[in-house]
Structures are given as C-alpha cells and as structure tokens.
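Inside the fold
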Amino acid sequence: MGASNWLGGIGRSAARSRATLVAIVVFAFLFLVTDWISPGPITYFDVSFLASGGTTLALAAIGQTLVILSGGFDLSAGAVISLVNAVLAANMSMTDMDASVVEWTAIGIAVGMLVGAFNGIFIAFLRLQPIVVTLSTMFIVQGGTLLILEQPGGFVAPTLGAVYMGDAVPNLLPAPILLLGIVLLLWAWLKRTRYGLALYASGSDPASAAAIGISVPWVRFATYVIAGGLYGLAGVFISAQTGSGDPLVGNSLLLSIFAAVVIGGTRLGGGKGGPVGSVFGAFTLMIVVNILLALNVSAYFSTVAEGGVLLLAVLFASLSRDSVLAEQIRQGLAALRARSVGLLVTQRPKVDRRLAFAARRGVETGTATPVPSFLKRNVETIRYAAPAYVALVLVLIATQFVLGNVLTNFSYWNALLVLSTFLAILALGQGAVILTGGLDLSLPWTIALSGILLAGMVRGSDPALVYALPLVFAVAAGIGLMNGIGVVMLGLSPIVVTLAMNGILQGAALLYSNGTPSGFASPALRWFMTGYLGGVTPVVVFLAAFVIGATVLLGRTSFGRRVYAIGNSLEAARLSGVRTGRVVIAVYVLSALCAALVGILLTGFSGQASLGMGDDYLLPSIAVVVVGGALITGGRGHYLGMFGGALLLTALQTLLAGTTLPYAFRAILFGCVVLAAVIALRERRTS
C-alpha cells in the first residue's frame, strides 16, 4: 500500500510538472543533435560557452515567468537589461579594476527593482493594463539609457567578468551554471513561502484569492519588483560578458524571453508553470541558434526561428478538448453538416421577420420622440476626444513662445500635417485593433518590410509603382491575415501572436535585403511626400481624404459598429449575430495595410528604406489612440479623437526638435504621455 501511494505521488508530481519535463526532454534531444552534427565530441569548453551564452536570457526568463504566473506581462525586461548595462559601463572606470563584484551586482539588481516597483505601482495599485504600463516603461527606460550612455562604449571592470564568466569549480562547474543554480534554489524556497502560494493563487483566480484574504495588489507589486531585480541581475551578467556598455544590448531579447517562458511550460494568463522550465527553454533557444549556425544557415533566420518556436510552443501548450482551435474545428464540422441538409441561416428564404415597434407607429400618428441634438448624441465622444485638442492648443501656444513666429507661418502648418500623416494612418489600424480589445505589436517590422520591398522593386522607377504597390499591400494583407487567424482560429494571445510576427518579419526583411536594403523611392513618390501642389504638399490633400474615410469607416458603417460591439462584449456581439471572427481578422488586416501604407510613405519621404525604420512608431501608434480618448481595453473611442492625438504628438515632436533637449527625451515623453492619458481616462468607461 505504501509503495502504491509513493508511486501515485510520483505520478501526480510528474503530471503537474509535465510541461517542464517536456522542456527538459526537448533540450536533451537538441543537445544530442548538437553533439551529432559537431565535428568532434562536446567538451567542457563547449558546455561553458553554452552556459555563458544562455544565462542572460535564462535570468530574464525567470523574472518574466514570475510576472506571467501572476497573470501579467512585462515588455520592459529587455530595456531594464540595457539600462543596467549602461549604468555599470558609464560609472565604472579604470580605477575600478578591483571593484567589488558584490557592490556592483547589488547596484544592478537595485536599478532593476526600482523599475519593477515603478511598474508595480501602476499595475497593482492603480490597476492599469500591464501591457500598456510596461510598454510605456520600456520607452521611458530606453530614453533614460540613452541619456546615460548615448552610444556603445564605456568600461566594465574585469573582476566582474572573472567572477561570472569563470569556473566555480575548474574544469567541472562553470560559474554561470552555479549562478542559475543559486537563483533556482532561492525560487524553490520562495515557492513554499506564503508569497509563493499567493503568487499561484493570484494568477489562477484573483477574485478567489482575494476572497480568502490574499492581498492580490501587494502580491503583484512584489512580483514586479522581484522580476525587475532578476532583469537587473541579467544586466550585470551581460555586462560581465561583454566588458563594455551598449544602450541597445537588451532590446533584441524581448522575443527570446517570451519564447523561453512559453517553451518552458508556463501558461500565459497565470497560475501554471515555473522558472525551471524557463531556464531549459532559454538554453533550448540557444541550442537552436547554434544548430542553425552549425548548418551554415544565415544568422538572419534566428528571429524567424524564435518567432516560429514561440507560436508553436503557445499553440502546443493550448491544445486540449476545450481549446479555441478544437472548438473552431467542431464548429466548422457542424457548419458543414448543417449546409449539407440546408439548415444554415444563409440558406433560409429571404423573408423580412423584423417586428413592428411602437416607435414606428408613433411616427405615423405624429407622436414620435424628437431626435436628440448633435451635442446630446455625441456628448461622450466629445468628452473623451476634446482633451487631445485642448492639449494641442496648449502645445501650439508653447511652440509660439519657444520657437517664435510659427502659428501664422503656413510652412509650419504644412509640415505639421505632413509629419502627422504617419501617425494618423497608424491610428486607424492600431485604433481598430484596440477597439476590439487587442494590440498589434507587429507594426514596426511591417512598416520596415513594406518600405524595403517597395524600394527594392521600384529602384527609382515610376512605372514600377504599378505592380510594386499592389504587391506590397498584398504582402501586408497576408501578414494581417496570419495575425488574425492566430488570434481568432488558434485562440492565441494578440500580444504573443503579433510579437512573434514582428520577429519573423524582422528576419524576413534581413533575408530579403541581405542586411543592407537597396533601391530608392521613385520621383513620383518623392514628389507626393515632399513636393508642392498649389503651395501644399500633395500628401496633405490625401490626409484630409483619409481622415474623412477613416471617420466614416469606424463611425458610420456596419463594420465600425461591429468593431465597437466586439470591444464592449465579444460574447454579446456573437449572440447578436455578429460574425466576430471575421471582423477581428479584418481588423488585423486593416492594421497591417495601414502599416504598409506608412512604410511606403516613409520611403517616399526619406527617399529610401532602412532597417528599423518602423521602430519609432510602435508606442506612438498606441499613444495617439489612448491620448485621443480610446479605452485601451476596447469598446470606446472615436477616430477624430485619435487624429487629434496624432496632431498633438507630432506638435510635441516639433517643439522638442526645436529645443536643445537630447533626442532620448522624445521616448521618455511618449511613455509619460501614454501613462498620463491612461490614468486620466481609466475610470470613465460608460456602461
């Protein structure tokens, strides 16, 4: 009896740790593959090299795992790593050759914890959306990092590298493995404390956790602080590894961090998983990259592989009888059976079954209720959209005082509208996605890939635009379609799907351009963006037409009404007969098409395309929507408010460009503006 209980306990433990065990098995298999394709047997040096290469990612993945276990997301992880690296490199000097490793490690962890506390205050106590807060923090931190260290350089004391990159036990145990072992032992202790139990409870069901006396806000706050400390430790380690500073060193790690967490078996949404699997997930990604390099596959495939692995891991983890994909398959089969016997709604006779309401009879008798005035009908829209225009007026007045005579200068207004075009277009696509309760993080490389494709095909030829433009828009539509299918048909998180897609598009752009985009815009496109027609740049006329069309699309069409209905309640919209899946997919296609249009116009504006040309538009695309009065969780907002947000942020950019403030202040300003707008508008959602 005792033996059966013992075996049963092992079985239950194995079942609870199934995802972690799978991650370990996958890691072991790929490790054997690496040994098989290597020219010689794997040595201690190879193991040490792999350990040092994957520890930064593993430490950051442990921090991200804790956040996800609590039910949140943290997009600021990579930025914190860069910040700590810059702080260490900028403050160490040649006199710190024997600097205390403990002291600098503590400083790095403390910097990360401060950023984590910043996130935790807004998320835990002000109850803002983790995605928006951490995205804003990411840009604020990136701006602060550039203020500390504007370009790669600086110095990290060799003692830091000697401790973290050396051997804990010569020729037996690399120091990075010991560091990870210590962190995991601390987690094993923390998991069994009241905090550890509360973390899983809060992530699984916050309401139930609060009902049994758990202080969910304090648990979430502590989680972001601990996670920030782990990002800080990752920043210390990468500083020891590189020996110098780079303000962008952590930016490329964000996709890998999420991929490592998901591969390790942690469930997005909270309550299930753990850091052990994430560590093996991180090293699995490292081995995948090493295998690609060993097979002489281009390094540009790395982000494609990471994005693909992330999507496959999330899909695999979500497969079950109750998954969205399984439900979609069941509904599809049921629809086919209904069609075969003629029971589909679309197959019924076209008979008007609408009821005659009393209000209709009142019209016939002259007793109908009078139509409300324009102000009464649009009071909510005006309430939320007006602040953007009020702030715009204040910025214009400040610009007049700082830069001189601009308000009566037609060239200023023309330039303001031209520069606002990019954000105004993105506001339609990203705004529509946000109105449905989603978010599109694939915009940066959709913009870049579209510009690179156009420039590569056109190469300065106007006639080539005839086929180049449709091809670019077709590619963009395919990108949006894949995003939409991932969200709707596979039931994956919009954040994960679009983040993975952004990584895949980055790899595609690098492969297409071979790392160096070629070609340039055609004369017609250059004239459209920088020329004059009757004293006005042609794109300004296009912008006016676009604003009218976007306003009509979201405010006066059945598509727009369905978008708002889905944002307010997906289930209610479905029960009302809205084909929610089609609408959501269409929204992501619209977002990709808008991003492609921005990529095309940016290419015409600058004369050529460049890698990363869309990086500066992710947060602003969200900022204009939020500042324009839209609710980040969906269901509320108006395009005219978003357009006001685009004008406001562009005017702010123009004001900053006319001062002596560093460029980094722009990222800091955008992050602060988004946080301020979300805080100001978070309590105003109508029922």
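Each chain has its residues counted from 1, running along the sequence as written. Predicted model: local features are reported for residues with pLDDT of at least 70 only, side-chain atom pairs are reported and counted for 80 or more only, and whole-chain, interface and lining totals are derived from all residues. Only hydrogens and water are set aside when side-chain values are computed; all heavy atoms of the structure are taken into account.

**Remarks on the overall build of the chain**
Stated formally: By definition, any uninterrupted DSSP run of H or I lasting at least four residues is a helix, any uninterrupted run of E lasting at least two residues is a strand, and each is numbered from the N terminus. For the exposure calls, accessible area comes from a 1.4 Å probe over protein chains only, and a residue counts as buried if that area is under 20% of its type's maximum, exposed if over 50%, partly exposed in between. For this analysis, residues touch if any pair of their heavy atoms sits within 4.5 Å. Surface accessibility follows the Shrake-Rupley procedure with a 1.4 Å probe radius. Residue values consider only the protein chains on display as shielding.
Each helix and strand in the chain was counted, giving 30 helices and two strands. When each of the 687 residues of the chain is scored for burial, the buried share is 50%. The contacts of the chain with a sequence gap of at least 6 include a subset with a gap of at least 24, amounting to 80%. Per element, the accessible surface of the chain, about 31,400 Å² overall, is 67% carbon and sulfur.

**A word on the nonpolar core**
In globular proteins that are soluble, nonpolar side chains generally tend to be buried together. Definition in use: Each nonpolar core is a collection of buried residues, namely Ala, Val, Leu, Ile, Met, Phe, Trp, Tyr and Cys, held together in the definition by side-chain atoms within 4.5 Å.
Counting residues in hydrophobic clusters, the biggest one holds 200 residues, and the most contacted among them are Leu 160, Tyr 164, Leu 310 and Tyr 639. Examining the composition of this core, we find that 16 residues originate from one element, helix 27 (residues 580–606), more than from any other. Not counting the four nearest positions on each side in its chain, Leu 160 is found in contact with Leu 88, Met 92, Val 101, Thr 105, Val 236, Ser 239 and Ala 240.

**Re the packing of aromatic side chains**
Put simply, the rule is: Any Phe, Tyr or Trp ring, taking Trp's six-membered ring, that has another such ring centre within 6.5 Å forms a pair; planes under 30 degrees apart are called stacked, those over 60 apart edge-to-face, and the others tilted.
All chains considered together, the criterion is met by 13 aromatic pairs. Each ring, one from Phe 125 and one from Trp 218, has its centre 5.0 Å from the other, and the planes form 70°; the classification is edge-to-face. Placement of Phe 125 in helix 5 (residues 101–125) and of Trp 218 in helix 11 (residues 216–242) is noted, with a sequence separation of 93 residues between them. On the basis of relative accessible area, Phe 125 is assigned to the partly exposed category, the value being 35%. On the basis of relative accessible area, Trp 218 is assigned to the exposed category, the value being 53%. By the ring-pair criterion, three or more aromatic residues cluster together here, those being Phe 125, Trp 218 and Phe 221.

**Thoughts on a positive patch on the surface**
Here is the rule: A patch consists of residues whose relative accessible area exceeds 30% and which take part in no salt bridge; residues with like charges are grouped when within 9 Å of each other, and nonpolar side chains (Val, Leu, Ile, Met, Phe, Trp, Tyr) when within 5 Å. Each salt bridge in this description consists of a side-chain nitrogen of Lys or Arg and a carboxyl oxygen of Asp or Glu lying within 4 Å of one another. Positive residues here are Lys and Arg, negative ones are Asp and Glu, while His and the chain termini are left out of the count. Here the site of a charge means NZ on Lys, CZ on Arg, CG on Asp, or CD on Glu.
Residues Arg 561, Arg 562, Arg 579 and Arg 582 make up a contiguous surface patch of positive charge. Relative to the assigned elements, Arg 561 resides in helix 25 (residues 558–568).

**Notes on the packing of helix 24 (residues 538–555) against helix 29 (residues 639–657)**
The description of two helices packed together rests on the angle between their axes and the distance between the axes. For clarity, the threshold we go by: For helices, the axis comes from a line fit to the C-alpha atoms of the stretch in contact; other axes are also lines fit to C-alpha atoms, and the angle between any two N-to-C directions lies between 0 and 180 degrees. In this count, Pro and Cys sit with the nonpolar residues alongside Ala, Val, Leu, Ile, Met, Phe, Trp and Tyr, while Asp, Glu, Lys and Arg are called charged and the others, Gly among them, polar.
Helix 29 packs onto helix 24 with a crossing angle of 145° between their chain directions and a minimal axis gap of 9 Å. Contacts between helix 24 and helix 29 involve Leu 543, Phe 546, Val 547, Ala 550, Thr 551 and Leu 554 from the first element and Tyr 639, Leu 640 and Phe 643 from the second. The residue makeup of the contact of helix 24 with helix 29, split by class, is eight nonpolar, one polar and no charged.

**As for the environment of Thr 446**
Along the chain, the position of Thr 446 falls in helix 20 (residues 443–458). Placed 34 residues apart in sequence, Thr 446 and Gly 480 show a C-alpha to C-alpha distance of 9.4 Å. Residues contacting Thr 446, with those up to four places away along its chain left out, are Ile 479, Leu 505, Ala 592, Ala 595 and Ala 596.

**Let's talk about the pattern of salt bridges**
Under the definition given, this model contains one salt bridge. A salt bridge links Arg 574 to Glu 571, with the nearest nitrogen and oxygen atoms 2.6 Å apart. Pair noted here: Arg 574 and Glu 571 are both in helix 26 (residues 570–575), with a separation of three residues, about one helical turn. For Arg 574, a relative accessible area of 39% translates into the label partly exposed. Owing to a relative accessible area of 42%, Glu 571 belongs among the partly exposed residues under this scheme.

**So, the environment of Ala 299**
Position of Ala 299 relative to the elements: it lies in the loop between helix 13 (275–294) and helix 14 (301–318). Exposure remark for Ala 299: the relative accessible area of 49% places this residue in the partly exposed category. Spatially, the C-alpha atom of Ala 299 lies 9.5 Å from that of Leu 510, the residues being 211 residues apart in sequence.

**Some remarks on the packing of helix 4 (residues 77–91) against helix 11**
Defined as follows: Should an angle lie under 35 degrees it is considered roughly parallel, over 145 roughly antiparallel, and from 65 to 115 roughly perpendicular; all remaining angles are considered oblique. Crossing handedness: left-handed means the near helix sits turned counterclockwise from the far one by under a right angle, and right-handed means the same turn made clockwise.
One can describe the packing of helix 4 onto helix 11 by two numbers: an axis separation of 8 Å at closest approach and a directional angle of 50°. Considered as vectors, helix 4 and helix 11 are oriented oblique to each other. Considering only the axes of helix 4 and helix 11, their crossing is right-handed. Along the contact surface, helix 4 presents Ala 77, Val 80, Ile 81, Val 84, Asn 85 and Leu 88, while helix 11 presents Gly 228, Tyr 231, Gly 232, Ala 234, Gly 235, Val 236, Ile 238, Ser 239 and Thr 242. The class makeup of the residues in the contact of helix 4 with helix 11 is nine nonpolar, six polar and no charged.

**A look at unusual backbone geometry**
Backbone geometry places Asn 171, a non-glycine residue, at a positive phi of 60°. Mapped onto the secondary structure, Asn 171 falls in the loop between strand 1 (167–169) and strand 2 (173–174). Positive phi, close to 50°, is recorded for Arg 459, a residue that is not glycine. Within the secondary structure, Arg 459 is located in the loop between helix 20 and helix 21 (465–488).

**Notes on helix 27**
What counts here: Given a helix with a known number of residues, its expected span is that number minus one, times 1.5 Å.
For helix 27, built from 27 residues, the straight-helix expectation of 39 Å at 1.5 Å per residue is met to within 8% by its first-to-last C-alpha distance of 39 Å. Once helix 27 ends, the next one or two residues include Gly 607, with phi positive near 95°.

**So, the environment of Ser 569**
Threshold: Polar contacts, as counted here, are pairs of nitrogen or oxygen atoms within 3.5 Å of one another; within protein the pair requires one atom able to donate a hydrogen and one able to accept it, and residues that are adjacent in sequence qualify only if both atoms are side-chain atoms.
Along the chain, Ser 569 turns up in the loop between helix 25 and helix 26. Exposure remark for Ser 569: the relative accessible area of 30% places this residue in the partly exposed category. C-alpha separation for the pair Ser 569 and Thr 436, spaced 133 residues apart in sequence, amounts to 8.9 Å. In terms of polar contacts, Ser 569 uses its side chain to reach the backbone amide nitrogen of Ala 572, at 3.2 Å.

**Things to note about the side chain of Ser 76**
For Ser 76, the location among the structural elements is in the loop between helix 3 (44–69) and helix 4. Judged by relative accessible area, Ser 76 falls into the buried class, the value being 0%.

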